[in-house]
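Spelled out from the first residue to the last, the chains are:
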Amino acid sequence: MIKALDFPTDAQATLTVNLKAIVDNYKRCRALAGGTDCAAMVKADAYGMGIEQVAPVLYHKAGCRIFFVANLTEAITLRSFVPESTIYVLNGFFPGHGEYFTRHNIRPVLNDLDQIRLWAEMTPEARPPCAVHFDTGINRLGLTPAETDLFIKDIALRSQLDIALVMSHLACSDDRLNPLNARQLADFTAITRHFPDIPASLANSGGILLGPDYHFDLVRPGLLMFGGNPGKHTIPERIRPAFRITGKILQIRQLETGQSVGYGSTWTADRPCHIATINIGYADGYLQVFNNCGQAFAKGTLLPIVGRVSMDMIAVDVTDIEIGTGSDVELLGEHITLEMASEVSTLSQYEILTGVRERYQRIYK
Ligand SMILES: *Cc1c(COP(=O)(O)O)cnc(C)c1O
């Protein structure tokens, strides 16, 4: 018999995912949406946090019954974790995929008339219900306004489908002052009037915060569930970061004024200082956009990242605190929020979150 490999628990940097916080944030989203139904966006491995762990707790502990993923492969994987739930595939429906949708009881989000016709040709008895996505201004996926008009008039085609949801997606929900929000709302509202008995959905996280007009019958938060802030406004009360990344101090170096740190010597000490080397680098998803501008947190203090991010390491100025080798330093989480990391790096909160790589020891609480 082969013995399972045995590793020490403290040899890697750590990603701690707080499943309770995700459940609480999901419930908070539902409350913010005034009791309309609430789906969970779990595409891209639940925004990098682990769909295998995240989806079942949302189902069992938060009562979530509707999940969206990007592609059919994600959906088939998800089906094994939440056997009873409704699963939608945002990317649409393509030739040869019908039997997979049917076998796993997965619903496509149909994005153009070709996809709608292809879906309509399938045997109705075997076919799950579908969603239809109308593009109201993002110009990405969904029926164009011209296709939308054709589809609304095509009673014969519509009658062949079992449409369970009509939806659209906001382009600028992170900016409540952007006039496109109201235009998309008006256009989507007009579309929904042609589908009076079918549930409608428009709002992602940012859309939830735009207010009740945007909520319709189903909201679709992603970022808010993980504790990110979808807008420039203050984050809603009782939404909290659902994850924490900590690195370990491998070594601490005393530097004299004038000595530099890291590849390219891009940072030079302007006082005698203590520089800690931490076991997280760009191979973990902590990218070089954080060179000389990222922040870490330990002992109640914000600490600057100094020099360039290396593949496996970063350097942090710990001169102002008492700390030793082997101690943990937070790179993202409660004290270094996605908002803060996004602001210094110009990466979006979504990119930082989904950029988290595999090398971390993962702990689910
Ligand atoms: C990703 C996505 C969402 C969730 O967006 P967040 O801003 O993370 O809440 C909702 N709807 C669609 C169509 C999406 O692609």
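Residues numbered from 1 in each chain as written. Predicted model: local features only at pLDDT ≥ 70, side-chain atom pairs only at ≥ 80, totals over all residues. Heavy atoms only, no water.

Undergrad: Go over unusual backbone geometry with me, naming the residues and quoting the values.
TA: Positioned with a positive phi, N139 is a non-glycine residue whose angle comes to about 50°. Tracing the backbone through its elements, the reader meets N139 in the loop between β7 (130–133) and α7 (145–153). The class of N139 is exposed, set by a relative accessible area of 66%. Positive phi, normally seen in glycine, also occurs at N292, with a value near 55°. Its place among the elements puts N292 in the loop between β14 (273–278) and β15 (295–298). (Helix = DSSP H or I, 4+ residues; strand = E, 2+ residues; numbered from the N terminus. Buried < 20%, exposed > 50% of the residue type's maximum accessible area, 1.4 Å probe, protein only.)

Undergrad: Provide a residue-level description of the packing of helix α1 (residues 19–32) against helix α3 (residues 51–62), including the pertinent values.
TA: In contact at an axis separation of 10 Å, α1 and α3 are set at 55° when each is read in the N-to-C sense. Between α1 and α3, the interaxial angle falls into the category oblique. Here α1 runs over α3; the crossing is right-handed. Here L19, I22, V23, Y26, K27 and R30 of α1 come into contact with α3, specifically with Q53, V54, V57, L58, K61 and A62. When its residues are assigned to classes, the contact of α1 with α3 shows eight nonpolar, one polar and three charged. (Axes fitted to C-alpha atoms, helices over the stretch in contact; angles between N-to-C directions. Parallel < 35°, antiparallel > 145°, perpendicular 65-115°, else oblique. Left-handed = near helix turned anticlockwise from the far one by under 90°. Contact = heavy atoms within 4.5 Å. Nonpolar A, V, L, I, M, F, W, Y, C, P; charged D, E, K, R; others polar.)

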